Amino acid sequence: MGKSLFEKVWDAHAVRQLVNGQTQLLIGTHLIHEVTSPQAFGMLRDRDLKVQYPHRTFATVDHIVPTNESVEPYSDPLAQGMIEELRNNCADNNVTFFDTNTGKQGVVHIVGPEQGITQPGTTIACGDSHTATHGAFGAIAFGIGTSQVRDVLATQTIALNELKVRRINVNGTLPPGVYAKDVILHIIRLLGTQGGTGYAYEYAGTTFDKFTMEERMTVCNMSIEGGARVGYVNPDETTFEYLKGRPYSPKGAAWDAAVEQWKSFASDTNCTFDDVVDIDASHIQPTVTWGITPGQGVGIEESIPAISDAPTQSERDSVAEALEYMQFEGGSPIRGKKIDVAFIGSCTNGRLSDFQEVAKYVKGHKVAEGVQAIIVPGSQVVAKIAEDLGLDKIFIEAGFEWRAAGCSMCLAMNPDKLVGDQLCASSSNRNFKGRQGSPTGRTMLMSPIMVAAAAVTGQVSDAREVFGFASAGV
Amino acid sequence: MSSTPIKKVTGKGVFVPGDDIDTDRIIPARFMKCITFDGLGEYLFHDVRKTESGEDKKHNLNDPRFAEASILVSGNNFGCGSSREHAPQSILRAGYDAVIAGSFAEIFFGNSTNLGVVCVIASDADREIIASAIETHPELEITIDVENHEIIYGDQSVPCEIKQGARDSLLSGNYDPLDELLVGADEVSKTAGALPYMQA
Ligand code: SF4
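These lines cover the structure that appears in this document, whether it is placed above or below. This is a predicted model, so every value here is computed, not measured.

Before going further, it helps to spend a moment on the overall build of chain A. The helix and strand inventory of chain A stands at 17 helices and 19 strands. At 22 Å, chain A has a C-alpha radius of gyration in line with the 23 Å of a compact globule built from 474 residues. Along the longest, intermediate and shortest principal axes, the C-alpha atoms of chain A span 55 × 55 × 45 Å. When each of the 474 residues of chain A is scored for burial, the buried share is 66%. Long-range pairs, those at least 24 residues apart, make up 75% of the contacts in chain A between residues at least 6 apart in sequence. Split by element, the accessible area of chain A, about 15,400 Å² in all, is 50% carbon and sulfur. Mean positive and mean negative side-chain charge positions of chain A (39 and 54 charges, respectively) differ by 2 Å.

A few words now on the packing of aromatic side chains. Residue and element names in this part refer to chain A. Tallied over the entire structure, the rule returns 20 aromatic pairs over all chains. Judged by centre distance (5.6 Å) and plane angle (25°), the rings of F6 and W10 are stacked. Of the two residues, F6 and W10 are both situated in helix α1 (residues 5-13); the distance of 4 residues between them amounts to about one turn of the helix. There is no split in this pair, since F6 and W10 are both buried. With a centroid separation of 5.3 Å and 65° between ring planes, the pair formed by F137 and Y242 is classed as edge-to-face. Residue F137 is found in the loop between β6 (123-126) and β7 (140-143), and its partner Y242 is found in helix α9 (residues 237-243); the two are separated by 105 residues along the sequence. For the residue pair F137 and Y242, the accessibility class agrees, reading buried in each case. Grouping aromatic residues by their ring pairs yields a cluster made of Y201, Y203, F208 and F211. Between R166 and the ring centre of Y199, over which it is positioned, the NZ or CZ distance is 4.1 Å.

Right, let's talk about the side chain of D99 of chain A for a bit. All names here are of chain A. Within the secondary structure, D99 is located in the loop between β5 (96-98) and α4 (108-114). According to the relative accessible area criterion, D99 is buried, its value standing at 9%. A polar side-chain atom of D99 sits 2.7 Å from a polar atom in the side chain of R87. In this structure D99 touches I83, R87, Q105 and Q380, once residues within four positions along its chain are discounted.

On to the nonpolar core, then. Formed by 159 residues in total, the largest nonpolar core has its most connected members in F142, F395, F400 and F467 of chain A together with F45 and F78 of chain B. Take this core: its biggest share by element is 8 residues, from helix α16 (residues 448-457) of chain A. Both domains that furnish three or more residues to this core are identified here as domain 1 (5-275) and domain 2 (287-466) of chain A. Excluding its chain neighbours within four sequence positions, the residues that come into contact with F467 of chain A are Y361, V362, H365, I449, A452, A453 and V456 of chain A. If you look at the next biggest cluster of nonpolar residues, it comprises 36 residues, including A136, V178, Y199 and F208 of chain A.

Residues and elements named next belong to chain A. Counting through the fold element by element, K210 comes out in helix α7 (residues 206-210). For the pair K210 and V276, spaced 66 residues apart in the sequence, the C-alpha separation amounts to 20 Å. In contact with K210, other than residues within four places in its own chain, are G172, T173 and E215.

Okay, the side chain of T287 of chain A next. Residues and elements named next belong to chain A. Within the element layout of this structure, T287 appears in strand β13 (residues 287-289). Overall, T287 belongs to the buried group, its relative accessible area being 3%. Among the polar contacts listed, one links the side chain of T287 to the backbone oxygen of Q285, at a separation of 2.7 Å. In contact with T287, other than residues within four places in its own chain, are D182, L185, G297, V298, G299, L445 and M446.

Quick notes on the rules
- Residues numbered from 1 in each chain as written.
- Chains lettered and ligands numbered in written order.
- Predicted model: local features only at pLDDT ≥ 70, side-chain atom pairs only at ≥ 80, totals over all residues.
- Heavy atoms only, no water.
- Helix = DSSP H or I, 4+ residues; strand = E, 2+ residues; numbered from the N terminus.
- Rg over C-alpha atoms; globule rule 2.2 N^0.38 Å.
- Buried < 20%, exposed > 50% of the residue type's maximum accessible area, 1.4 Å probe, protein only.
- Contact = heavy atoms within 4.5 Å.
- Areas by Shrake-Rupley, 256 points an atom, 1.4 Å probe, with all protein chains shown as cover.
- Lys, Arg positive; Asp, Glu negative; His and termini not counted.
- Charge placed at Lys NZ, Arg CZ, Asp CG, Glu CD.
- Phe/Tyr/Trp six-rings, centres within 6.5 Å; stacked < 30°, edge-to-face > 60°.
- Lys NZ or Arg CZ within 6 Å of the ring centre and 35° of its normal.
- Polar contact = N/O pair within 3.5 Å; in protein donor to acceptor, adjacent residues only side chain to side chain.
- Core = buried A, V, L, I, M, F, W, Y, C linked by side-chain atoms within 4.5 Å.
- Domains from an automatic or database assignment.

As structure tokens, this is what we get:
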């Protein structure tokens, strides 16, 4: 019987079985950032341990860097302290650090792939739950806690239980105006925020075959929002094409050998999965969340559910809690909700193609009065290319702020925060209570194009109508 | 590090209602601007407990009747969201030893177990019974019997589940895996040696 990519990569990296039945798994590539690594380095110092494979750990700084202030010391001394701590830890331990002066700094899940560090058939870990992003390349990528960051630094391994694999086939062509972000919001709505617990998600089908690497990353990125710690797409020509010539990609003869080996990791056609889900791409609508979990989403043509629509008491409680927090009325249409802030960026949708697509449509439009709209490139590399293409000018002309690379308003660790109960149309990945910095701030997740449509109309709108997509309203 | 085996956890309980309690709620990101975990206990469930102007909200976590609690009882999918170990660290540092929930998000569960914070699963109905017992008798001692899959309160008990691997680790005191991982160093270099991308 054939094996899935997950099983093959797992087997190639399994070191041995531990006493409690878990596997000691080799982590080939370790990515770190300033929030979840300092305590781990501290634990190493406490135990007098050294970084075992320093050439396999790569660092960047993303969460705390202000995106509207580039000169250090930053006005927030805590942020300054964190970046310095990371700098020192990397220097002391011979770890490569893509610092703010390298032209390579950015959100860790954007930096790894664009540097060619993220490769098929590898295991990757990072003290960050969106590490599954790297699965887009056919890697098995785990989000880990700080004690496990310590374990990787000290041993290049972690203790893990093997996961089951659920294959999610999406077949067909996405309607115009429907994007990878809508695919993953749709999947999470369908399977729930805990549907993926215990599973790795293998995304496949003709829709994924046609997706670019950036689209695959957007989907894999949000696997954790569906409860799956790992999500991946089998490597193919699109993957190899993307990686060719990147700074850390193999070169020359080693490249050909690597591609051969990478191909061998793809799931065998005759392998069996623990579960299979089939989705028809033509049924997916531009999707927007109305609640406080990423699973609480509806298509733009739908209404927010009413409390009485939920089948069980605990679900009714969840809907009621979400409606109260969001200040929405059950049964009201999702479109037309007035927004205060629009945010395009994050490790979900902060890549070049996201900005190119938005630029194509916002040209000639203006951000609505009273709306603060910010666009934040996911990395300095993305920022540079976007600026070379003149995208920044298009955005600024349309009334958006164009920032420096970082996590920005995806979470509340830098100056970009919601104020009071502001409502934000956001291309990020989490709409939890307080996620964007204000304990009463409200987040609606959607694709970058849908955020742009909300920005220029001042309310949640159907981007297909606002921007005149070919088959609007179909 | 081999630690003291955890066979049982005993303490008073507090009920934190709701499903999908995410790690941003357990510890809001703005309190994570720190380079050690010290002091995180103070911010546990900060925005659940406090209004924006810093006053206490009406919540079980602020209720003096539950001030001595060391066991949290909550809903389904507890600890979802971010992988931040700051979440179980703040739970531990605020004086809680265990969480009883309907289910746990995976990364949270792993992080907690590594720290010796006991996470057990009980059914909706059983958690409701425990929650109402706590409500009527806040002084009630609850015991989570890890070995026998049981939650005992007063003279009653309900069953609970805990993942086999985690249970073994707690019972043997090997829940922090670092020492065992360090022992495997030779085998690690063998496994790494077979992988081209691992070479310096
Ligand atoms: S962009 Fe958001 S989700 Fe991604 S790493 Fe930064 S804070 Fe986390």
